[in-house]
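# Structural features, examined
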Amino acid sequence: MSWWRGTVGRRIWSELLYVLLAAPLGLLGFVVIVVSFAFGLGLAVTFIGLPLLALNGRVARAFGNVDRRLARRLLGLEVPDPRPFRSGRGLFGWLQAALRDPVSWRARAYLVVKLPLALIGFHLALAFYGLGLFWLSYPLWWQLSGPGTLYKNVFLDPGTLVFRGHDAPHRQVAHQLTVHYGDHAYVDTWPRAVLLMLGGVALLLLAPGVVRGLAALHRLLIRGLLGRTRGDERVRELEAARTQVVDDSATTLRRIERDLHDGTQAQLAALALTLGQAKEKLEHRPDVPFDPEGALDLVGLAHQHAKEALVELRDLARGIHPPALDLGLDAALATLVARSAVPATLHADIPSRPDRAIETIAYFSVAELLANVAKHSQATKATVDVGMKDEMLVLRVRDDGVGGARIGGGSGLLGLRGRVRAVDGELMVHSPAGGPTVVDVQLPVHS
């Protein structure tokens with residue numbers, strides 16, 4: 001059944017349509033791009049040539065967009081669009097950006113390379129399907145053609161269904177439409193006609209494979225020249241990571257500002273007010289009675305406010321930079337594991353200290369992962385392994401919980417991955433249903 005769908009299914013017809021459309025579109029794109037590029041290159045000594053070359057690149061981009069959409073529609077090929085064109089300021093900025101645009105140059109190369117593939121594919125598709133259908137129905141046309149002179153080229157007259165020929169006449173034959181495969185070899189008997197019909201069946205059976213092969217070559221060409229390069233993907237990832245880091249930093253700053261305003265600032269204001277009241281009770285003024293004992297009580301209250309403000313400031317500072325990291329990452333992680341709500345063990349082998357920024361990210365990564373274990377995993381134990389391999393700091397947090405963790409599932413892993421990728425690191429999650437859950441974090445030793 002799958003063989004039948006591959007032979008006459010919708011997909012093979014859409015691929016055949018793409019292969020047939022690729023030839024005229026490829027020819028049009030090749031002519032437009034090559035001719036305008038040649039004119040622009042020839043006129044490059046004048047000011048007219050540079051805008052023409054720039055427009056040539058923009059037109060090449062447009063042809064590439066059409067081919068990507070057509071491949072997405074007919075070939076089912078999902079290729080991410082390349083980076084959008086970013087123009088500089090003014091006419092000269094636009095010219096410089098257009099002439100240096102790598103996407104435009106790849107689109108030009110695609111149109112040049114595509115043409116021979118499109119033309120060869122067009123002829124192969126027509127040969128296998130057209131010739132296969134003709135050979136398959138050859139006995140019918142052979143019988144419909146009446147006796148007469150054999151011609152090299154014979155055409156069907158639609159009005160009379162009679163085959164008429166032209167070119168140099170040949171010998172008299174019983175059937176005017178006769179395939180010949182040599183100067184004196186003709187398919188003019190029923191056994192030969194049946195053999196030719198079987199040849200048509202073979203061509204039609206081979207045709208889907210040929211079309212699929214041609215479509216595969218087109219897919220490779222589009223992926224290689226019209227899609228995003230690794231550099232584009234890297235830029236996109238870095239932009240997303242930068243956006244994530246900026247958002248996290250803004251959120252952290254707002255939290256710190258809110259905590260300082262609502263907590264520490266209020267404590268310090270109460271401290272100042274209490275000390276002011278104590279001062280008034282110790283001063284000898286007519287309107288304020290002298291009360292040393294009341295002043296002592298107020299000083300005690302002010303002392304309490306001062307201690308509470310120090311605690312809040314210490315908590316804020318710990319959120320910015322854990323003081324345990326001053327002793328090294330292994331000592332900080334040991335403290336973190338000891339405080340874990342789920343019993344956890346630490347195996348650390350860190351021969352040299354990473355950069356401070358990497359240590360901070362590693363610390364908060366383990367803290368977030370252990371918090372996830374306590375909140376979501378229903379685990380009874382967890383292990384934290386930390387080591388170095390090929391100038392990379394490798395963290396692994398494993399638990400024996402129920403599994404099912406995934407990035408973007410509300411467990412904070414999405415934000416953690418953004419923070420890790422901001423320093424060119426990677427976070428990987430393996431958490432099948434039923435567990436165990438293993439989260440690997442790889443960070444460069446030097447940021």
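Quick caveat: nothing in here was measured; it's all calculated off a predicted structure. (Residues numbered from 1 in each chain as written. Predicted model: local features only at pLDDT ≥ 70, side-chain atom pairs only at ≥ 80, totals over all residues. Heavy atoms only, no water.)

## Overview of the sheet that holds strand β8 (residues 426-430)
Which entries qualify depends on this criterion: One bridge is not enough; two strands pair if DSSP finds at least two bridges between them. Numbered from the N terminus, helices here are DSSP runs of H or I no shorter than four residues, and strands are runs of E no shorter than two. To obtain each axis, a line is fitted to C-alpha atoms, and for helices this fit is confined to the stretch in contact; angles are then taken between N-to-C directions over 0 to 180 degrees.
Pairing is mixed in the open sheet, where five strands are placed in the order β5-β6-β7-β9-β8. Lying at the two open borders of the sheet, with one neighbouring strand each, are β5 (344-348) and β8. For this sheet, the mean inter-axis angle between neighbouring strands, taken without regard to orientation, is 10°. Two strands pair when backbone bridges link them, and strand β7 (residues 392-399) and strand β9 (residues 437-444) are joined in this way by eight bridges, in the antiparallel orientation. Following the sheet pairing, R396 is matched in β9 by D440.

## Overview of the side chain of D101
Spelled out, the test is: Exposure categories follow from relative accessible area, calculated using a 1.4 Å probe and restricted to protein chains: below 20% of the type maximum is buried, above 50% is exposed, and the middle band is partly exposed. For this analysis, a polar contact is any N or O atom pair within 3.5 Å, provided that within protein one partner can donate a hydrogen and the other can accept it, and provided that sequence-adjacent residues contribute only side-chain to side-chain pairs. A contact between two residues is defined here by any heavy atoms of the two lying within 4.5 Å.
Mapped onto the fold, D101 is located in the loop between α4 (90-100) and α5 (102-136). Relative accessible area serves as the criterion here: at 8%, D101 is assigned to the buried category. Only 2.7 Å separates the side chain of D101 from the side chain of S104, close enough to count as a polar contact. For D101, the contacting residues outside a window of four places in its chain are R61 and F85.

## Some details on the nonpolar core
One recurring pattern in soluble globular proteins is that nonpolar side chains are buried together. Quick note on the threshold: The definition of a nonpolar core used throughout is a set of buried Ala, Val, Leu, Ile, Met, Phe, Trp, Tyr and Cys residues joined through side-chain atoms within 4.5 Å.
By size, the foremost hydrophobic cluster in this structure holds 32 residues, and its most contacted members are L329, L370, L393, V441 and L443. No other element matches helix α11 (residues 356-377), which puts eight residues into this core. Setting aside its immediate chain neighbours within four residues, L370 contacts L336, V337, S340, A344, A382, V384 and V397. Core analysis: the next-biggest nonpolar cluster, separate from the first, contains 31 residues, L75, V79, A107 and Y129 among them.

## So, the pattern of salt bridges
For the record, the criterion: Salt bridges are identified by distance alone: a Lys or Arg side-chain nitrogen within 4 Å of an Asp or Glu carboxyl oxygen.
Scanning the model with the defined rule gives eight salt bridges in all. For R353, the salt bridge is made with E359, and the minimal N-O distance between the two is 2.7 Å. One continuous salt-bridge network, built from bridges that share partners, spans R11, E15 and R219.

## Focus on the packing of α5 against helix α7 (residues 190-225)
Packed helices, taken two at a time, are described by their axes: the angle between them and the distance between them. Our working rule: Note that the term roughly parallel is reserved for angles under 35 degrees, roughly antiparallel for angles over 145, roughly perpendicular for angles of 65 to 115, and oblique for everything else. With the far helix as reference, a near helix turned anticlockwise by less than a right angle produces a left-handed crossing, and one turned clockwise produces a right-handed crossing. In this classification, the charged set is Asp, Glu, Lys and Arg, the nonpolar set is Ala, Val, Leu, Ile, Met, Phe, Trp, Tyr, Cys and Pro, and all remaining amino acids, among them Gly, are polar.
Remark: α5 packs on α7, axes separated minimally by 7 Å, with the N-to-C direction vectors making an angle of 170°. Between α5 and α7, the angle is such that the two are roughly antiparallel. The interaxial crossing formed by α5 with α7 has left-handed handedness. Here the contact of α5 with α7 is composed, by residue class, of 28 nonpolar, five polar and two charged.

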